Amino acid sequence: MAEKALKQTTFVWEGLDKRGERVRGEVAGASANLVRASLRRQGINPRKIKKKAQPLLGGKRKVRAKDVAIFSRQLATMMSSGVPLVQAFEIIGRGHENKGMQDMLLGIKGDIEGGSNLSDALGKHPLHFDDLYCNLVRAGEHAGILDNLLDKIATYKEKTEAIKGKIKKALFYPTAVILVAMVITAVLMIFVIPQFAELFSGFGADLPAPTRIVIAMSEFTQQWWWLMLAVIVGGAYATFQFHKRSRKFQHFTDRLILKVPIFGSIMEKAAIARYSRTLATMFAAGVPLVEAMHSVAGAVGNVVYGQAVMRMRDEVSTGTQLNVAMRQTQLFPNMVVQMAAIGEEAGSLDQMLGKVADFYEEEVDNAVDALSSLLEPLIMVILGGLIGGLVIAMYMPIFQMGQVVGG
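Residues numbered from 1 in each chain as written. Predicted model: local features only at pLDDT ≥ 70, side-chain atom pairs only at ≥ 80, totals over all residues. Heavy atoms only, no water.

Participant: What is the right way to read helix α10 (residues 247-259) from this model?
Facilitator: Owing to its 3.6 residues per turn, the α-helix aligns residues three or four sequence positions apart on the same side. In a regular helix each residue adds 1.5 Å, so 13 residues correspond to 18 Å; α10 covers 19 Å between its end C-alpha atoms and thus fits that length. Those residues of α10 lying buried are Q250, T253, D254 and L258. End-on, the buried residues of α10 take up no more than an arc of 140°, which puts them together on one face. Structural note: α10 exposes K248, F252 and K259 on the side pointing more than 90 degrees away from its buried face. (Helix = DSSP H or I, 4+ residues; strand = E, 2+ residues; numbered from the N terminus. Expected span 1.5 Å × (residues − 1). Buried < 20%, exposed > 50% of the residue type's maximum accessible area, 1.4 Å probe, protein only. Arc of directions from axis to C-beta.)

Participant: Sorry, what's going on with the sheet that holds strand β2 (residues 22-29) here?
Facilitator: Two pairing modes exist for strands in a sheet, parallel and antiparallel, and in both the strands are linked by backbone hydrogen bonds. Sheet architecture is open: three strands sit in the order β2-β1-β3, paired in antiparallel fashion. Pairing within the sheet leaves two strands with one partner each, and these edge strands are β2 and β3 (45-51). Taking each pair of neighbouring strands and ignoring which way they run, the sheet shows an average axis angle of 25°. In terms of strand pairing, strand β1 (residues 9-16) meets β3 through six bridges, oriented antiparallel. Bridged to V12 within β3 is K50. Contacting β1, β2 and β3, helix α2 (residues 32-41) crosses the sheet at an angle of about 150° to β3. (Pairing = 2+ DSSP bridges. Axes fitted to C-alpha atoms, helices over the stretch in contact; angles between N-to-C directions. Contact = heavy atoms within 4.5 Å.)

Participant: Is there a simple way to think about the packing of helix α3 (residues 65-80) against helix α4 (residues 85-95) in this case?
Facilitator: When two helices pack together, you describe them by how their axes are tilted relative to each other and by the distance separating the axes. In the contact formed by α3 and α4, the axes pass within 10 Å of each other and the chain directions differ by 140°. With respect to α4, the axis of α3 lies oblique. Crossing of α3 against α4: the hand is right-handed. Across from F71, Q74, L75, M78 and M79 in α3, the residues of α4 making contact are L85, A88, F89, I91 and I92. For the contact of α3 with α4, a count of residues per class yields nine nonpolar, one polar and no charged. (Parallel < 35°, antiparallel > 145°, perpendicular 65-115°, else oblique. Left-handed = near helix turned anticlockwise from the far one by under 90°. Nonpolar A, V, L, I, M, F, W, Y, C, P; charged D, E, K, R; others polar.)

Participant: Which parts of the structure should I look at to understand the packing of helix α11 (residues 263-284) against helix α12 (residues 289-297)?
Facilitator: Remark: α11 packs on α12, axes separated minimally by 9 Å, with the N-to-C direction vectors making an angle of 140°. The pairing of α11 with α12 is recorded here as oblique in orientation. Classified by chirality, the crossing of α12 by α11 is right-handed. Facing α11, whose interface residues are Y275, T278, L279, M282 and F283, α12 presents L289, A292, M293, S295 and V296.

Encoded structure:
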């Protein structure tokens with residue numbers, strides 16, 4: 001009992017096995033001496049034993065969607081190569097750099113060893129493996145084609161993460177520039193312009209209107225900067241919380257986003273790509289259409305499209321064709337509706353939707369590149385106008401004084 005109570009530490013060891021070949025590995029133990037004794041009982045002559053270096057921040061990071069996507073591809077590759085499921089989880093889990101991901105995978109491995117199905121074991125971690133993921137795995141288990149389904153899941157997760165990455169890319173650049181512009185403007189207002197105002201106070205002449213306006217703005221910023229900061233931070237936090245908790249607010253903001261010039265078109269194409277990719281993957285896995293659409297609604301990434309998919313689900317469950325239900329929402333372009341109609345007629349709905357997803361994923365990629373090219377000169381003009389306007393307003397009195405002296 002005393003030995004069990006000792007804190008376990010991960011040790012990295014190197015040694016020689018019974019055949020004299022060099023081997024290495026990791027093992028948990030209370031001390032280096034206990035680890036050495038354990039290795040010798042296994043027929044290994046240890047040469048080096050040291051504590052495993054821990055990454056910064058303890059190495060336990062948040063499990064990201066990208067981690068799940070990479071894991072899905074690794075598991076699919078191992079399963080298709082004939083590696084047993086439990087051994088695959090052991091290899092992936094032990095080799096993962098993220099301690100949080102490692103603990104989760106080894107926990108799933110323990111559930112599988114205890115007799116749980118893979119879908120049930122994954123379902124215990126709903127934050128990282130949603131209903132869609134678990135339903136696809138369950139369909140693969142029931143049909144005896146788990147390796148094929150895991151490959152489809154891996155492809156689906158990779159495509160989904162690629163779309164998310166493109167959307168973040170479209171958002172990051174303008175957001176970063178706006179923040180930098182706000183910081184520069186605040187520095188000018190609080191530290192630079194007051195120096196000019198003090199200089200101008202001894203001129204004994206009326207200042208130009210633009211200069212007076214900028215000085216008044218500077219004085220307001222100096223006095224109320226804390227209130228302005230609180231309003232910005234509080235407004236951003238309140239908006240985030242409202243969007244997270246209020247379905248009506250989500251619908252309002254998501255519909256508003258779809259109407260924003262240029263960026264709204266990107267979000268619309270991304271939602272259509274996610275809808276098509278998700279439905280194609282689930283339909284190809286043998287999941288019934290009505291059941292699949294419930295998971296699709298949560299995967300489109302936009303409340304407006306999610307609610308439309310749920311209405312389509314209700315119509316399809318009463319016998320309406322999918323393409324007819326899609327047309328009635330008035331959210332899908334005619335090309336997408338026609339492709340769905342052809343797929344239903346030919347019995348190849350999953351293939352047609354897959355082609356639609358490929359097309360719109362490429363459209364999103366091209367649109368993001370075009371947006372970046374458009375934003376660069378536009379942001380330069382805005383920043384130049386903002387900073388240049390402040391500088392000109394501050395130098396106008398100096399120019400006037402120079403003209404008076406020169407006259």
